[in-house]
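Below, each chain spelled out in residue letters.
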Amino acid sequence: MQVLEAYKPFEIQEMELSEWKQRPVKNNFFELVLIESGEGTQCINYNFYDYKKDSIFLLPPLKCHSFNIEKRTKFVFLKFTNSFFKSSNKMTLDKSEWFKEAAYILSNYNQLPGDIIKSDADREHLKQLTAIILRETRNYGEVSVSLISSLMVSILEVVIRNIKKGSHYEIVNTTSDDRATKMLTYINENIAKSELLKVDRLAETFMMSATYVSEFFRKQVGMSLREYIMKAKLRLVEIRLLNSDFTLTEIADELGFTDVSHLSKTFKRYTGTSVREFKNAGEYMLLKRASCGVSA
């Protein structure tokens with residue numbers, strides 16, 4: 001199957017389909033999908049989620065995805081790439097801040113995919129913002145890139161807000177104690193600040209004894225605190241490797257690894273592959289995961 005590169009920094013597409021024919025598209029970063037009408041199921045990595053009118057999904061990179069259409073469906077696809085947020089005529093966004101926000105989305109959301117929006121008001125906001133972008137794209141094209149950039153940032157803010165308030169974390173046990181969700185949010189928001197993730201600091205922040213923090217975390221999340229933090233960091237390493245021009249030294253410094261050697265050895269231990277092999281195999285991974293096995 002042919003895989004198409006998403007060369008454009010930003011692209012918006014409208015499609016109305018009665019059956020799904022695999023879109024051989026590589027997601028450079030992530031893609032927001034809005035369902036304007038229709039019914040069916042979405043597939044992400046062999047997991048299925050019902051969709052209907054006004055459903056909104058975020059498709060993370062390196063995840064196979066497709067749709068099984070039961071009732072003729074009108075889709076709107078918003079594709080974001082890193083380069084879109086580097087600069088746009090009159091408006092320039094700080095790349096490090098963009099990565100900080102986008103990495104937060106990707107390191108949390110892709111654990112439990114499904115409809116991303118929990119607030120009816122925010123769902124309406126996204127629909128309206130998308131409608132404006134569609135009109136601007138049709139009527140003004142490149143002339144309107146600055147306005148479209150601003151609208152896209154607004155969309156991102158709404159998405160982040162819903163992820164933060166939603167249950168998009170791998171908490172094993174259902175509990176009335178919301179400290180687990182808050183702790184996961186805190187960890188992912190501060191993943192590059194190692195001093196804030198020490199047990200003593202977590203104990204102080206969440207008002208529990210230092211001796212209980214690790215036990216509490218393992219009970220709620222199903223893995224040790226140290227393992228979770230390391231895996232979260234390595235997810236960001238993958239994002240940086242595939243979607244940025246950051247050097248290994250810059251990535252290691254940002255995420256608190258001692259040096260490039262420490263980063264490389266840790267990456268190899270947890271993923272089973274070297275940093276170089278992972279980066280070189282990026283195209284192959286995207287190709288292999290491009291189909292969920294749902295035939296149109």
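Here's a quick rundown of the structure. Once a new chain begins, its residue numbering starts again from 1 and follows that chain's sequence as written. At least 70 in pLDDT is required for a residue's local features to be given in this predicted model, at least 80 for side-chain atom pairs to be given and counted, and no such filter applies to totals for whole chains, interfaces and linings, which use all residues. Note: side-chain values were computed over all heavy atoms of the structure, leaving out hydrogens and water.

Quick look at the nonpolar core
Moving on, step 1. For our purposes a nonpolar core is just a set of buried Ala, Val, Leu, Ile, Met, Phe, Trp, Tyr and Cys residues, chained together by side-chain atoms within 4.5 Å. For every residue, the accessible area obtained with a 1.4 Å probe (protein chains only) is divided by the maximum for its type, and the residue is called buried under 20%, exposed over 50%, and partly exposed between those limits. Core analysis: the biggest nonpolar cluster contains 35 residues, and Met183, Ile187, Leu202, Phe217, Tyr228, Val237 and Phe257 have the highest contact counts within it.
Moving on, step 2. What counts as a helix is a DSSP run of H or I of at least four residues, what counts as a strand is a run of E of at least two, and both are numbered from the N terminus. Elements represented by at least two residues in this core include exactly α4 (179–189), α5 (199–205), α6 (210–221), α7 (225–243), α8 (248–254), α9 (260–271) and α10 (275–280).
Moving on, step 3. The element best represented in this core is α7, accounting for 10 residues.
Moving on, step 4. In terms of nonpolar packing, the next biggest core, distinct from the first, is built from 25 residues, Ile12, Leu78, Leu129 and Leu151 among them.

A short note on the packing of aromatic side chains
Moving on, step 1. A pair of Phe, Tyr and Trp rings is counted when the ring centres sit within 6.5 Å of each other, with Trp represented by its six-membered ring. The angle between the planes then sorts it: under 30 degrees is stacked, over 60 is edge-to-face, the rest tilted. Taken as a whole and judged by the stated rule, the model has 12 aromatic pairs.
Moving on, step 2. With a centroid separation of 5.5 Å and an interplanar angle of 65°, the aromatic rings of Phe217 and Tyr228 are classed as edge-to-face. Of this pair, Phe217 sits in helix α6 while Tyr228 sits in helix α7, placing them 11 residues apart in sequence.
Moving on, step 3. When its relative accessible area of 2% is taken as the criterion, Phe217 is described as buried.
Moving on, step 4. Residues Phe267 and Phe278 carry aromatic rings whose centres are separated by 5.6 Å and whose planes lie at 70° to one another, so their mutual orientation is edge-to-face. Of this pair, Phe267 sits in helix α9 while Phe278 sits in helix α10, and the two are 11 residues apart along the sequence.
Moving on, step 5. On the basis of relative accessible area, Phe278 is assigned to the buried category, the value being 6%.
Moving on, step 6. In this scheme, the term charge over a ring applies when either NZ of a lysine or CZ of an arginine sits within 6 Å of the ring centre and within 35 degrees of the ring normal. Over the aromatic face of Phe257 sits the side chain of Lys233, whose NZ or CZ is 5.9 Å from the ring centroid.
Moving on, step 7. Positioned over the ring face of Tyr228 is Arg235, at 6.0 Å from the centre of the ring.

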